[in-house]
Amino acid sequence: MAPTCSLISTPADRVRADLLAVAVFADRELGPGAEAVDDALGGGLGEFMDEADFSGKRGETLAVPTNGQLGAKAVVLVGMGKRDDLSPDAIRRAGAALARRAKNVRSVATTLLDAAPPSSDPALNAQALAEGVALGSYQFLRYKRDAKPSRLERVLVIGRNNAKVRAALDRASAIAAAVSWARDLVNEPAGAKAPADVVTAARALLRGTNIKVKVYAGEALERERFGGVVGVGQGSERAPRFLRLAYEPAGAKTTLALVGKGVVFDSGGLSLKTAGGMETMKTDMSGGAAVIAAMSVLAQLNVKTRVLGYVPLVENMPSGTAIRPGDVLTIRNGKTVEVLNTDAEGRLILADALSLAVDEKADAIVDIATLTGACMVALGDKVAGLMGSDDPWVAQVRDAADRAGEPVWPLPLPTDYRKLLDSEIADLRNISSGSYGGALTAGLFLKEFASDVAWAHLDIAGPARASSDDGYNTKGGTGFGVRTLIELATTFSKP
Ligand code: BES
Ligand code: MN
Ligand code: ZN
């Protein structure tokens, strides 16, 4: 369980907790509450920072002894970087640093919220802080025999009593729970998450919410003409599913569609990946997990728009029944695709999902997918690629991601490159005939299935997974996109 964050107005020197966490800015500029700590140490704080070479850089922490002068049993200094650069994201990271540092105590009080500039929005800062605390405490311990779970139970956020701040802390806890759920599912080994198991996990998560769950399997996949899902799924012993979720609040006037790639394991199929290339491919359902997780909190966050979620779930395996290079699939919207590389499978299942979102008259669609290694070449492993067919809609997605603190960057969809997808025998081929710009040709492929609906595409191949503990991310699944999708649904306006 993530620690709970609550707001208290007790002064830093009197608050009772196992640990008091106070902010120190770059160049050892003391933040709120640090003066009281300095007093308790008889003015020795500067010397202490000197000895430990602590300068107040972002992410630095330093434990400081107290001699019973404070309500807290011990103090930890949290480096915040430059005071003027203190964005909500910096606060989120500081919250995570605090949570990591405090994993062996039960309660922490902190002045971090008061460290933010007075001109900034305390509710946004509080949300970021509480998200950082919860996400920084995240651990995936299910398979560890010597698991040492965090003991942290309570974080007392020192600040003026304010209903908006208290609501923001609650909001953060709902959002962080959704992100953690997505991380858990992504971190789960592929052997333990067949498409049917993901459906079971989604049902368990959504039980008790007003989300309608519909699942297509077997014959129903054929009947609905999900040719991409059936084709990619046919090589695996573990049959595909297509999950459709519906959040339909009374009085909703607009419909947002969320589409997430759900490849529970991507071996590449007959176009087999290398051993190294497969190591992290249990992560290939991160987009789908993000969609399910985001939808689970819409009611709690009082989202007003109708939101439909589409998650095609398959395992991409080589076998005697697998799809072959050169085979042709017919996608739900009738377009035919020559599959020249079975490792370009994500776009095939997303094509079916996009077609259904179009049929169901979404006002706007965003898909999220661990789609291309090429996107990682372009943007590295921390930034998602953002593409789309409608500039205002793409801008709306970008703004939501910025507010949520998830880095995305726009990439073009040059019409000139469309010819790289021309097939000898079908409407399209599933890989480019050229050598470069693989993230863009994948985007252009998807665009063929979004018809004339405003559509945006997030390629999260990089940021879906963290290669090491970093800020509020823990090595492994990050739950990237959950916060963006929630923010997007909360603020959605028909483009
Ligand atoms: N799931 C992969 C993309 C991926 C690669 C995600 C690395 C995360 C890390 C996707 O299905 C894939 O295999 N894409 C191919 C496309 C190629 C065959 C055109 C790729 O990127 O190599
Ligand atoms: Mn692949
Ligand atoms: Zn894949």
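Residues numbered from 1 in each chain as written. Chains lettered and ligands numbered in written order. Predicted model: local features only at pLDDT ≥ 70, side-chain atom pairs only at ≥ 80, totals over all residues. Heavy atoms only, no water.

### Regarding the coordination of the manganese ion (ligand 2)
Then, in step 1: Asp266 (OD), Asp343 (O), Asp343 (OD) and Glu345 (OE) make up the full set of protein donors to the manganese ion (ligand 2), lying at 2.1 to 2.2 Å.
Then, in step 2: Of note is the manganese ion (ligand 2), whose six donor atoms meet at the metal with angles of 70 to 168° in an arrangement that counts as irregular.
Then, in step 3: Mapping the donors of the manganese ion (ligand 2) onto the primary sequence gives the spacing D-x76-D-x1-E.
Then, in step 4: Separating the manganese ion (ligand 2) and the zinc ion (ligand 3) is a distance of 3.2 Å, and Asp266 donates to both of them.
Then, in step 5: Of the residues examined, Glu345 reaches a relative accessible area of 0% and is grouped as buried. (Donors = N, O, S within 2.8 Å, 3.2 Å for Na, K, Ca; no water. Tetrahedral: all angles 85-135°; square planar, octahedral: opposite > 155°, others 65-115°. Buried < 20%, exposed > 50% of the residue type's maximum accessible area, 1.4 Å probe, protein only.)

### Quick word on the pattern of salt bridges
Pairing between side chains becomes possible if they bear opposite charge and their charged atoms approach one another.
Then, in step 1: Under the definition given, this model contains 29 salt bridges.
Then, in step 2: One salt bridge in this structure joins Asp18 and Lys73, with 2.8 Å as the shortest N-O distance. With Asp18 in strand β2 (residues 17–25) and Lys73 in strand β5 (residues 72–79), the pair connects residues that are 55 residues apart, well separated along the chain.
Then, in step 3: Here Asp18 falls in the buried class, since its relative accessible area comes to 19%.
Then, in step 4: For Arg418, the salt bridge is made with Glu448, and the minimal N-O distance between the two is 2.8 Å. Residue Arg418 is located in the loop between β17 (408–410) and β18 (428–429), and its partner Glu448 is located in the loop between α14 (438–447) and β19 (454–459); the two are separated by 30 residues in the primary sequence.
Then, in step 5: Owing to a relative accessible area of 21%, Arg418 belongs among the partly exposed residues under this scheme.
Then, in step 6: When salt bridges with common partners are traced through the structure, they connect Asp89, Arg92, Arg93, Glu131, Glu406 and Arg483 into a single cluster. (Salt bridge = Lys/Arg side-chain N within 4 Å of Asp/Glu carboxyl O. Helix = DSSP H or I, 4+ residues; strand = E, 2+ residues; numbered from the N terminus.)

### Some words on the coordination of the zinc ion (ligand 3)
Then, in step 1: With distances of 2.0 to 2.4 Å, the protein atoms coordinating the zinc ion (ligand 3) are Lys261 (NZ), Asp266 (OD), Asp284 (OD) and Glu345 (OE).
Then, in step 2: We note that the donor set of the zinc ion (ligand 3) lies within a single chain, spaced as K-x4-D-x17-D-x60-E.

### Describing the side chain of Asp18
Then, in step 1: A distance of 2.8 Å separates a polar atom in the side chain of Asp18 from a polar atom in the side chain of Lys73.
Then, in step 2: Of the polar contacts made by the side chain of Asp18, one reaches the backbone nitrogen of Arg106; its length is 3.0 Å.
Then, in step 3: Filtering out sequence-adjacent residues up to four positions away, Asp18 remains in contact with Lys73, Ala74, Val105, Arg106 and Ser107. (Polar contact = N/O pair within 3.5 Å; in protein donor to acceptor, adjacent residues only side chain to side chain. Contact = heavy atoms within 4.5 Å.)

### Focus: the site of ligand 1
Then, in step 1: Taken together, 16 residues lie near ligand 1, and Lys273, Asp284, Asp343, Glu345 and Gly373 sit nearest.
Then, in step 2: Here an oxygen atom of ligand 1 sits 2.9 Å away from a polar atom, N or O, in the side chain of Asp266.
Then, in step 3: Asp343 has a polar side-chain atom sitting 2.8 Å from an oxygen atom of ligand 1.
Then, in step 4: Across the shell around ligand 1, the residue classes break down as five nonpolar, four polar and seven charged. (Near = heavy atom within 4 Å. Nonpolar A, V, L, I, M, F, W, Y, C, P; charged D, E, K, R; others polar.)

### Quick word on the pairing of strand β6 (residues 107–110)
Then, in step 1: Of the two faces of β6, both are covered, the one formed by Ser107 and Ala109 as well as the one formed by Val108 and Thr110.
Then, in step 2: Bridge analysis of β2 against β6 gives three bridges, and the strand direction is parallel. Residue pairing across strands places Ala21 opposite Thr110, the latter belonging to β6.
Then, in step 3: Of the strand pairs in this sheet, β6 and strand β7 (residues 154–158) are connected by four bridges, and their pairing is parallel. What sits directly across from Val108, in β7, is Val155.
Then, in step 4: As for the winding sense of the linkage, the β-α-β connection from β6 through helix α4 (residues 122–136) to β7 is right-handed. (Pairing = 2+ DSSP bridges. Right-handed = clockwise from strand over helix to strand, strands pointing away.)

### Section: the domain arrangement of the protein chain
Then, in step 1: Segmentation of the protein chain into domains returns domain 1 (4–160) and domain 2 (180–490).
Then, in step 2: Of note, the centres of domain 1 and domain 2, computed from C-alpha atoms alone, are 37 Å apart.
Then, in step 3: In this complex, domain 1 contributes 13 residues to the contact, which on the side of domain 2 involves 17 residues.
Then, in step 4: Carbon and sulfur atoms make up 51% of the area that domain 1 and domain 2 hide from each other, which totals about 1,300 Å².
Then, in step 5: At the boundary of domain 1 and domain 2, one finds two salt bridges.
Then, in step 6: Between Arg483 and Glu131 there is a salt bridge, and its shortest N-O distance comes to 3.8 Å.
Then, in step 7: On the surface where domain 1 and domain 2 come into contact, there are 10 residue pairs in polar contact (both at pLDDT 80 or more).
Then, in step 8: For the side of domain 1 that touches domain 2, the elements supplying multiple residues, two or more each, are α3 (88–101) and α4.
Then, in step 9: Residue contributions to the side of domain 1 that touches domain 2 peak at five residues, all from α3. (Domains from an automatic or database assignment. Buried area = accessible area lost by both parts, 1.4 Å probe.)

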